[in-house]
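One letter stands for each residue in the lines below.
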Amino acid sequence: MKNVFNLKLVLICLFIGGAVVACSAGSGEPSPSPSRYLVGHLPNGSSIYANQQIFNVSNTESINAQIWISGGNAGESYFVGVSNTSPSGPSVQMNPSKCKLIAGEASSCQVIFNPNDSLLGTYAVTLSYIDASLRSAKNQIRSVNAVGTNLPGLLDFIIKGKSPQFVYINNSAESGYSQCIVRSTTGAIKDGSCKNIVNHSLFNGPSGIALYNNFAYILNRDSNSYTLCKMNESVGIESDTCINPSMSSSLGQPWGITFHGGSAYVTNVSTNEVLQCSINSSSGLLDSCTSLSIDLGSPAGIASDNKYLYITSILRNSYVQCPISLSGNVDTSSCNEIIPTGAGMLHNPAGISVGGGHVYFINSNLTGGSTNNSGYTQCEVGETGIKPETCYTITGFGANPIGSAINNGYIYMTSAGNNTYAMCQLGDNGINSASCLPDQTTYEGLNAPSGIAFGQKNY
């Protein structure tokens, strides 16, 4: 589904406050061009033109539209500025910021359109103007009402190219999730880009989330179910396609989910088990689930690399690693439970991420204690899996962090206790703790965020 907004660029009568500076000016009007497009007419009889009608731009670049006036009484001038962009998202400015167009002179300005990783589609930029000879907005309104305007034109700024990247964060205290845009330049979640989906009939204490084969899978801890949604490269999760399918095996407070070798693996906290399920390639449904024979204690986070499946025990302060084949077969007889001690001690590990030669446990500290043991534990990973002797724990980081995800050189950790997330750079030595930006949020706000996942171009 292509996300296209068919909206107009029109001129409306609004007062532009503040100081005004002139555009570049010279003798005579800009030379007529076959490609010029009539935007509309001003009350003094001048016509406003743009250098073209349709502008195409990549969502990671910017484009300029030139505007000027022609005709009317020589010397009469108007101040023109940007008053609105719809839908919101792209950044639009005038150059110069206070633009003055003078009839009979070669004065022109530019509308600078910066998509800023916005959704693909067509956007409208609304311009405002005021007669430079009038000294007050009140007089301007009277003049316009008396003279009137004729504005038949429209300009389309069409964002095309690579789709923006989305991040999805489950809000466990709310019946839904937040979908936000990730800035391509900094990796930060773009403030103001989020939309919050709330649906009490579909979501109930959403916990883990994972993306696979153009579907999103969201676990519902409080209703022992999962929500399945279709995904689209341009718009992300198509929320109107979400359903709660039935399963052949019961869920018991499902917490974490991951995919490996064509199978899905789901942790059940209350039943102390991990389910391995096949995936229907066309419908996305989880089929033929079986319980893996592993000694577990309240399993929560789950992740894998090419050789091992890793599962955290939220109550035992431990993790289990099991050999796993590329096709997804788990060697349950060779699973090992490890309880890190000393500098690498775990504190109710709820989430886990693995990549770049390291594993990161997210210590939720959900059972509490006399000190703030929330934070993360980092360990090296080698041919034999996690190296417990390399583990070390950072405490006092966030408030009840729950989920994590690695994306494009960064790790993101959700913090359910203060409705925020943290973002840290990753390097050869794992997390660069000095780079961490904790307590980040969005303008729309998070509500006890838990699971987090990033959507690539091909899910």
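Please read all numbers here as calculations on a predicted model, not as lab measurements.

Thoughts on the overall build of the protein
Right, so step 1: The helix and strand tally for the protein stands at one helix and 36 strands.
Right, so step 2: When each of the 459 residues of the protein is scored for burial, the buried share is 52%.
Right, so step 3: Relative to all contacts within the protein whose residues are 6 or more apart in sequence, the contacts with residues 24 or more apart total 57%.
Right, so step 4: For the protein, the accessible surface area stands at approximately 18,900 Å², while carbon and sulfur atoms represent 46% of it.

So, the pairing of strand E36 (residues 449–455)
Right, so step 1: A large share of E36 lies buried, amounting to seven of its seven residues.
Right, so step 2: Pairing analysis gives five bridges linking strand E12 (residues 165–171) to E36, with the strands arranged antiparallel. By the bridge assignment, Ile169 is partnered in E36 with Ile452.

Examining the pairing of strand E6 (residues 77–86)
Right, so step 1: Where E6 meets strand E8 (residues 99–102), four bridges bridge the pair, whose relative direction is antiparallel. By the bridge assignment for E8, Val80 is matched with Cys99.

Things to note about the sheet that holds strand E14 (residues 195–198)
Within a sheet, adjacent strands bond to each other through the backbone by hydrogen bonds, running parallel or antiparallel.
Right, so step 1: Judged by pairing direction, the sheet is antiparallel, and its four strands sit side by side in the order E14-E13-E12-E36 without closing on themselves. Because the sheet does not close on itself, it has two edges, and the strands there are E14 and E36. Direction aside, the axes of adjacent strands within the sheet are offset by 20° on average.
Right, so step 2: Where E12 lies against strand E13 (residues 176–182), seven bridges are found, and the strand directions are antiparallel. The partner of Gln165 across the bridge, within E13, is Val182.

With respect to the nonpolar core
Right, so step 1: Residues Ile67, Val80, Met94, Val111, Phe113 and Phe157 are the most contacted members of the largest nonpolar core, which totals 29 residues.
Right, so step 2: Here Phe113 is in contact with Val57, Glu61, Ser62, Ile63, Pro90, Ser91, Val92, Tyr123, Val125, Phe157 and Ile159, once residues within four sequence places are set aside.

Notes on unusual backbone geometry
Right, so step 1: Along the chain, Ser86 connects to Pro87 via a cis peptide bond; the corresponding omega equals -5°.
Right, so step 2: Along the chain, Pro87 turns up in the loop between E6 and strand E7 (91–95).
Right, so step 3: The step from Asn95 to Pro96 runs through a cis peptide bond, and the omega angle for that step is 0°.
Right, so step 4: Even without a glycine there, the phi angle at Asn116 is positive, about 60°.
Right, so step 5: By the secondary structure assignment, Asn116 is in the loop between strand E9 (108–114) and strand E10 (121–131).
Right, so step 6: Although it is not a glycine, Asn317 sits at a positive phi angle of roughly 55°.
Right, so step 7: Position of Asn317 relative to the elements: it lies in the loop between strand E24 (308–313) and strand E25 (318–323).
Right, so step 8: Asn317 sits in the partly exposed class, given a relative accessible area of 24%.

Points about the pattern of salt bridges
Right, so step 1: Enumeration according to the criterion identifies four salt bridges in this entry.
Right, so step 2: Its salt-bridge partner being Glu383, residue Lys307 comes within 2.1 Å of it at the nearest N-O pair. With a gap of 76 residues between them, Lys307 in the loop between strand E23 (299–304) and E24 and Glu383 in the loop between strand E29 (375–382) and strand E30 (385–395) connect regions that are remote in the sequence.
Right, so step 3: Its relative accessible area of 40% is what places Lys307 among the partly exposed residues.
Right, so step 4: Measuring nitrogen to oxygen at the nearest pair gives 3.1 Å for the salt bridge that ties Arg316 to Glu337.

Calculation notes
- Residues numbered from 1 in each chain as written.
- Predicted model: local features only at pLDDT ≥ 70, side-chain atom pairs only at ≥ 80, totals over all residues.
- Heavy atoms only, no water.
- Helix = DSSP H or I, 4+ residues; strand = E, 2+ residues; numbered from the N terminus.
- Buried < 20%, exposed > 50% of the residue type's maximum accessible area, 1.4 Å probe, protein only.
- Contact = heavy atoms within 4.5 Å.
- Areas by Shrake-Rupley, 256 points an atom, 1.4 Å probe, with all protein chains shown as cover.
- Pairing = 2+ DSSP bridges.
- Axes fitted to C-alpha atoms, helices over the stretch in contact; angles between N-to-C directions.
- Core = buried A, V, L, I, M, F, W, Y, C linked by side-chain atoms within 4.5 Å.
- Salt bridge = Lys/Arg side-chain N within 4 Å of Asp/Glu carboxyl O.

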